[in-house]
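# Fold and geometry: a report
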Amino acid sequence: MIGQTQKPIDEILEYLEGKEKVVLVGCGGCATVFHTGGETEVKEMAEKLSETGKQVLAAIAPPFGEFTYYVPWSKSRLSRYRKEIEESDAILMLSRGDGLQVVRELILEEEFEITKPIYPATNPIGHMGGGPTLFKEKCQQCGECELGKFAGICPLTQCAKGLLNGPCGGYKNGKCEVDPERDCAWVKIYERLEALGILEKIAEIAKPKDWSKMTRPRQIEVAPLEMK
Ligand code: SF4
Ligand code: SF4
């Protein structure tokens, strides 16, 4: 899940300066979980914009579980609002940046042949797990998961310096020198290896990370999901 916060309303209004007719699009995925673009937030944003004199032509809020960044669902939902989109001066996306770009490129431009200003209303901050209230960054999608070598703890994400061979010399009382409030990831790795009875693995030198797996933009092809 991608953790995210909503942008301040002033920043959103700056984007929408001079744009009177607006269409809002939320998402039934992460934006719903993080309260940035679910049904409630889309409704609230529509109210806020109306109060500032904007005309909200459509406030599209897919239900939980329907992802705006998934083209088949997005296409089907946005098709119902094509007229409003055509008449609008701008689209405001209460979704992640990938949702915005999917809607801009694959739905509006390629499917509808519409070119419109489109703006983000959220700030995504990383791949996170947890809930229902506290979420923590756990993975940076390096393209070659090495958790098997590190007792199930990702040093790239959990160690402030991303060290594959740790710890550094700065940890104190099991805490990280960069943020003394947080556990040192390498102390945790040590403890887990010990608990698993394979502490000797701490002496194995990890090879340098193959960052070519993170060359961007990455893409992947899969069989289509069966739609019910
Ligand atoms: S090694 Fe870490 S960053 Fe890479 S895929 Fe695994 S959890 Fe994610
Ligand atoms: S103290 Fe531990 S978690 Fe912090 S930077 Fe050093 S090795 Fe990484």
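Just so it is clear, the structure is predicted and the values come from calculations on it, not from any experiment.

Check the secondary structure of the protein chain and you find eight helices and seven strands. Expected size for 228 residues packed as a compact globule is a radius of gyration near 17 Å; at 22 Å, the protein chain overshoots this value by more than 25%. Counting every position in the protein chain, which comprises 228 residues, the buried fraction comes to 37%. Contacts in the protein chain between residues at least 24 apart in sequence constitute 68% of all its contacts with a sequence separation of at least 6. Mean positive and mean negative side-chain charge positions of the protein chain (30 and 35 charges, respectively) differ by 4 Å.

Bringing the site of ligand 2 into the picture now. Neighbouring ligand 2 are the residues Cys159, Ala160, Lys161, Pro167, Cys168, Tyr171, Cys176, Glu177, Cys184, Ala185 and Trp186. Here the shell around ligand 2 is composed, by residue class, of nine nonpolar, no polar and two charged.

Turning to the site of ligand 1, a few remarks are in order. All residues adjacent to ligand 1 are Lys138, Cys139, Gln140, Gln141, Cys142, Cys145, Glu146, Leu147 and Cys154. Per-class residue counts for the shell around ligand 1 are five nonpolar, two polar and two charged.

Bringing the environment of arginine 80 into the picture now. Structurally, arginine 80 can be placed in the loop between helix 4 (71-79) and helix 5 (82-87). A C-alpha to C-alpha distance of 9.8 Å links arginine 80 and isoleucine 60, two positions 20 residues apart in sequence.

On to the packing of helix 4 against helix 6 (residues 97-112), then. Axis separation between helix 4 and helix 6 bottoms out at 11 Å; the angle between their running directions is 60°. As far as their axial angle goes, helix 6 and helix 4 are oblique. As helix 4 packs across helix 6, the resulting crossing turns out to be right-handed. Seen from helix 4, the contacting residues are Val71, Ser74, Lys75, Leu78 and Ser79; seen from helix 6, they are Val102, Val103, Leu106, Ile107, Glu111 and Phe112. Taken together, the residues that form the contact of helix 4 with helix 6 break down as seven nonpolar, two polar and two charged.

Reading guide: rules and limits
- Residues numbered from 1 in each chain as written.
- Chains lettered and ligands numbered in written order.
- Predicted model: local features only at pLDDT ≥ 70, side-chain atom pairs only at ≥ 80, totals over all residues.
- Heavy atoms only, no water.
- Helix = DSSP H or I, 4+ residues; strand = E, 2+ residues; numbered from the N terminus.
- Rg over C-alpha atoms; globule rule 2.2 N^0.38 Å.
- Buried < 20%, exposed > 50% of the residue type's maximum accessible area, 1.4 Å probe, protein only.
- Contact = heavy atoms within 4.5 Å.
- Lys, Arg positive; Asp, Glu negative; His and termini not counted.
- Charge placed at Lys NZ, Arg CZ, Asp CG, Glu CD.
- Near = heavy atom within 4 Å.
- Nonpolar A, V, L, I, M, F, W, Y, C, P; charged D, E, K, R; others polar.
- Axes fitted to C-alpha atoms, helices over the stretch in contact; angles between N-to-C directions.
- Parallel < 35°, antiparallel > 145°, perpendicular 65-115°, else oblique.
- Left-handed = near helix turned anticlockwise from the far one by under 90°.

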